[in-house]
There are 2 protein chains.
Amino acid sequence: MGTYDTMWEGLGLDLRRHESLMGILGEFYPMLYLSQKDRPKGMEYFDFVVSEIHGLRVKELLEHKKKGGKVVGTFCVYVPDEILMAAGAIGVGLCGGAEFSIPDAEKTLPRDLCPLIKSVYGFKDAKICPYLQACDMLVGETTCDGKKKVWELLKQELDVHVMEVPQKKVEPEARALWRAEVRKLLKRMEELSGRRITNEKLAEALSLTNGKRKALDRLYMARRADPAPISGKDALLVSQIAFYDDVRRFTEKTNALAAEAEERGEKGKGVLAGSKRVLVTGTPMAIPNWKLHHVIETSGAVVAAEETCTGARYFHNPEVKPGRTLGETLDRIADRYLETPCACFTPNDRRIENVVSMAREWNAAGVVQYVLKFCQIYSIEGILVEKALKKAGIPVITVETDYGMGDMEQLSTRMAAFVEMI
Amino acid sequence: MGTYDTMWEGLGLDLRRHESLMGILGEFYPMLYLSQKDRPKGMEYFDFVVSEIHGLRVKELLEHKKKGGKVVGTFCVYVPDEILMAAGAIGVGLCGGAEFSIPDAEKTLPRDLCPLIKSVYGFKDAKICPYLQACDMLVGETTCDGKKKVWELLKQELDVHVMEVPQKKVEPEARALWRAEVRKLLKRMEELSGRRITNEKLAEALSLTNGKRKALDRLYMARRADPAPISGKDALLVSQIAFYDDVRRFTEKTNALAAEAEERGEKGKGVLAGSKRVLVTGTPMAIPNWKLHHVIETSGAVVAAEETCTGARYFHNPEVKPGRTLGETLDRIADRYLETPCACFTPNDRRIENVVSMAREWNAAGVVQYVLKFCQIYSIEGILVEKALKKAGIPVITVETDYGMGDMEQLSTRMAAFVEMI
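The structure presented is a predicted model; accordingly, all values stated were derived computationally and were not measured.

Observations regarding the interface of chain A and chain B
Move 1: The interface is formed by 35 residues belonging to chain A together with 35 residues belonging to chain B.
Move 2: Contributing elements (two or more residues each) for the side of chain A that touches chain B: α9 (145-154), α10 (172-193) and α17 (376-391) of chain A.
Move 3: Looking at the side of chain A that touches chain B element by element, the count peaks at eight residues for α9(A).
Move 4: Grouping the constituent residues of the side of chain A that touches chain B by class yields 19 nonpolar, seven polar and nine charged.

Some thoughts on the nonpolar core
Within soluble globular proteins, side chains that are nonpolar tend to cluster in buried spots.
Move 1: By size, the foremost hydrophobic cluster in this structure holds 289 residues, and its most contacted members are Leu219(A), Val278(A), Leu279(A), Leu219(B), Val278(B) and Leu279(B).
Move 2: When residues of this core are sorted by domain, at least three fall in each of domain 1 (5-30 + 41-171) and domain 2 (204-317 + 343-421) of chain A.
Move 3: When near neighbours in sequence (up to four residues on either side) are disregarded, Leu219(A) contacts Ala235(A), Val238(A), Thr254(A), Leu257(A), Ala258(A) and Ala261(A).

Details of the relation of the copies chain A and chain B
Move 1: Once chain A is rotated about the relating axis by 180° and shifted along it by 0.0 Å, it coincides with chain B to within an RMSD of 0.0 Å. Taken together, the rotation angle and the small translation identify this as a two-fold axis. Closest approach to the rotation axis among the C-alpha atoms of chain A is made by Asp145(A), whose C-alpha sits 3.1 Å away.
Move 2: Mapped onto chain B, 100% of the interface residues of chain A again fall at the interface, so both copies present the same surface.

With respect to the sheet that holds strand β7 (residues 366-372) of chain A
Residues and elements named next belong to chain A.
Move 1: The parallel open sheet is built from four strands, whose spatial order is β6-β5-β7-β8. Looking at strand neighbours, the two that pair on one side only are β6 (301-307) and β8 (396-401), the edges of this open sheet. For this sheet the average axis-to-axis angle between neighbouring strands, irrespective of direction, equals 30°.
Move 2: Bridge analysis of β7 against β8 gives six bridges, and the strand direction is parallel. Residue pairing in the sheet places Val367 in a bridge with Val396 of β8.
Move 3: Along the sheet, helix α16 (residues 349-361) makes contact with β5 (276-282), β6 and β7, crossing β6 at roughly 140°.

Overview of the sheet that holds strand β2 (residues 89-93) of chain A
Residues and elements named next belong to chain A.
Move 1: Here we have four strands laid out as an open sheet, ordered β2-β1-β3-β4, and parallel in their pairing. Taken across any chain shown, the strands that pair with only one partner, and hence form the sheet edges, are β2 and β4 (160-163). Averaged over neighbouring strand pairs, the angle between their axes works out to 25° when direction is ignored.
Move 2: Of the strand pairs in this sheet, strand β3 (residues 137-141) and β4 are connected by four bridges, and their pairing is parallel.

Remarks on the pairing of β2(A)
Residues and elements named next belong to chain A.
Move 1: Of all the five residues making up β2, five are buried; the element is thus mostly covered by neighbouring parts of the structure.
Move 2: Burial along β2 is two-sided: Ala89, Gly91 and Gly93 facing one way and Ile90 and Val92 facing the other are all buried.
Move 3: Here five bridges tie strand β1 (residues 70-74) to β2, and the two strands are oriented parallel to one another. Residue pairing for β2: Val72 is matched across the bridge by Gly91.
Move 4: For the segment spanning β1, helix α5 (residues 81-86) and β2, crossover handedness is right-handed.

A few points about the domain arrangement of chain A
Residues and elements named next belong to chain A.
Move 1: What the domain assignment lists for chain A is domain 1 (5-30 + 41-171) and domain 2 (204-317 + 343-421).
Move 2: Look at where the C-alpha atoms of domain 1 and domain 2 centre, and you get two points 22 Å apart.
Move 3: Facing 35 residues of domain 1, the contacting portion of domain 2 comprises 36 residues.
Move 4: Within the residue set of the side of domain 1 that touches domain 2, elements represented by two or more residues are α3 (43-51), α4 (56-66), α5, β2 and α7 (115-126).

Topic: the pairing of strand β1 (residues 70-74) of chain B
Residue and element names in this part refer to chain B.
Move 1: The element β1 is largely enclosed, with a buried count of five among its five residues.
Move 2: Burial of β1 is two-sided: the residues Lys70, Val72 and Thr74 facing one way and the residues Val71 and Gly73 facing the other way are all buried.
Move 3: Pairing geometry for β1 and strand β3 (residues 137-141), over three bridges, is parallel. Bridge pairing links Thr74 to Val139 in β3.

Overview of unusual backbone geometry
Move 1: Residue Pro227(B) is reached from Asp226(B) by a cis peptide bond, and omega for that bond is 5°.
Move 2: Of note, Pro227(B) is situated in the loop between α11 (199-222) and α12 (232-242).
Move 3: Omega for the peptide link from Ile287(B) to Pro288(B) comes to 5°, which places this bond in the cis form.
Move 4: Along the chain, the position of Pro288(B) falls in the loop between β5 (276-282) and α14 (291-297).
Move 5: In this model, Phe374(A) sits at a positive phi of 70°, which is unusual for a non-glycine residue.
Move 6: The residue Phe374(A) is located in the loop between β7 and α17 in this model.

Examining the environment of Arg350(A)
Residues and elements named next belong to chain A.
Move 1: On the secondary structure map, Arg350 appears in helix α16.
Move 2: Taking the C-beta count within 10 Å as the criterion, Arg350 has 14 such neighbours and is therefore assigned partly exposed.
Move 3: Distance from Arg350 to Thr340, taken between C-alpha atoms, is 9.2 Å for residues 10 residues apart in sequence.

Some words on the environment of Gly10(A)
Residues and elements named next belong to chain A.
Move 1: With respect to the element layout, Gly10 can be found in helix α1 (residues 5-10).
Move 2: By the C-beta count within 10 Å, which is 13 here, Gly10 ends up partly exposed.
Move 3: With 120 residues separating them along the chain, Gly10 and Pro130 place their C-alpha atoms 9.7 Å apart.

Conventions used here
Residues numbered from 1 in each chain as written. Chains lettered and ligands numbered in written order. Predicted model: local features only at pLDDT ≥ 70, side-chain atom pairs only at ≥ 80, totals over all residues. Contact = placed C-beta atoms within 7 Å. Helix = DSSP H or I, 4+ residues; strand = E, 2+ residues; numbered from the N terminus. Nonpolar A, V, L, I, M, F, W, Y, C, P; charged D, E, K, R; others polar. Core = buried A, V, L, I, M, F, W, Y, C linked by C-beta atoms within 7 Å. Buried ≥ 20, exposed ≤ 12 C-beta atoms within 10 Å, placed from the backbone. Domains from an automatic or database assignment. Least-squares fit on C-alpha atoms with pLDDT ≥ 70 in both. Pairing = 2+ DSSP bridges. Axes fitted to C-alpha atoms, helices over the stretch in contact; angles between N-to-C directions. Right-handed = clockwise from strand over helix to strand, strands pointing away.

This is the structure in structure tokens:
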């Protein structure tokens, strides 16, 4: 038996299937990640985190639970982590990025659903994700039709709290609704944890999430350097790990990596020399979904930045200052999260403007728009994104795909042609 | 030139394509409708409406416009028709039910979108729907991701007002948001029409919509008789026509049809004698989408009732009594519409309970669940609907399809097997 087998068994995992999932990851990671040249030294920590992906961090979660703490699964950058933390809970982002569990999901769910939702549903159904198994509660939201309705299925077996995200954010009633939803989450977390959330506790948690967001922001700012001080693939991994790693450790390691990237920038040192810079925009890439970045960075380009939920949308407006009262702090938190320019809003002009300005600020020669198959909000909004980019004179390619490997060759051909053109 | 060619040309229609669309309808309608045996005499009016589908009613709309009235297109049973009428406007339901315009839509929209949305988008793009062309404004809503984002595209060319429908209806803030949205529609309609909407005007409009809803409800109650006094196909057509016909004339004709159906019920006279009764539930069927009903009613069954937006969801809680003030009346209207059990809500238990109770009340031997391809909310909720029906001992079959005719044979085979089994 391996080191963690007893732990995984205790969580009710299907050990045989889990082992085969780990086997796939163990094969892909060296090929996709460790083979990269000139990586920053600071990536060693993140490589270590991946090598322990279902080990050390899960062990930490279980130790936290043993001490009476709670573990709460989330699926969206809209769920305020500060509130979970203020209740002494650890939040873990659970979006699924693996093809492996999709056939399990398709036994129940319609096939015409985005792979991210199917992946996580399959993980639950087949019992192959230790994070999901460790959760005391899940917090879902209503950012898309697929997720909104899948919570109803998960509720039959798990404790799921659903937050309503409004759809037209500029209206005062939408803000009021969202502020109320944030308060309901606080109440729900107090019930779950048996701890009262005071303004002081929330301010403490805010100092941690602010620090994490600022570290990610700092890394992104360093990525403005040309040549890119870090590959997009590596930067994506950092963002993916942000969703479930220990917040203090993650912030420290990300700051160290950012400092290294800054130094590289000053010295004109970088990766993938001579590559063309692109901005990636669109749907999130949950770990271990590295497909698009791999295609781009083996086609003569480097990803300069990501306008995605596993990118800049995660840490925009990084700092929230605590208010004098709990209510004031909560409103500020709610307002910060409401600013996130997700395609679930109508209209969503701010995101479209943001894509254009990020392409310019990160000096991208082109934009790769990423749309997960069957994601209706991003695919339709993508038509407007394309239009705005063309108007701004910025070349754009839209890639619609899922987690399968069947279209890799075709994607590479298209990408190489795009990179040559820009 | 035909009788209406000048009118259609004036609306900017593509006459050649429009003629070919009319040709298809002219071929299908006699085959699907006029060939039915023992139809109630009251259906003659509705046959006439179809024979004039892009003629007489469009002429009426244009005459209304000439007198200074407005025409407003809608796409959902959530848009309160009363408010349009109180501003002296005519509301027309514009959901698309024709395969014909889908290739036009797919030039722009993703293919993985429900045919209803693609159909209407194609009608707009190819200029083949005189109703759309006659509209001064469209009122969209946020009931699904696909529609929500397509309004953003349509807004580039047309005047579109979007109403936010909340997603968790039981919360007080959701009700507040919706009531505010209803008020914003009133304001928008006042601006468009240049007329003030008073409580008296609204009460007057309510008496008309109440009457229409009660007539439809009456027809449905008559359909509880066994044998069915009217085919499901005919009843569906009546519902479809409810969305765009003159409200007074429609109410009168539907009441006459209901009276005839009641009389048939008392005399034990009906259609499709010996057929098994089924309830249809699921996604709406916009005119001329008669596919599923045709399959069912040529497979040994008769549709006893529809739990759809082109069925019972349209006229539930038929009567809204005016309040003493405009605000009170508006709140009552908002509250009535909020009760509509659309799958856009989470959770949506009321619909699921309603499907079970309707199956019993209309004495259905089984339920046919209809899911338009790529409709995520109904397909996922459908899993819970199936579960509830099975628990209640009611056989159920789920049919996922689009507007194409390619799967007709396969559907008929499946349906015949289901009907034999129940």
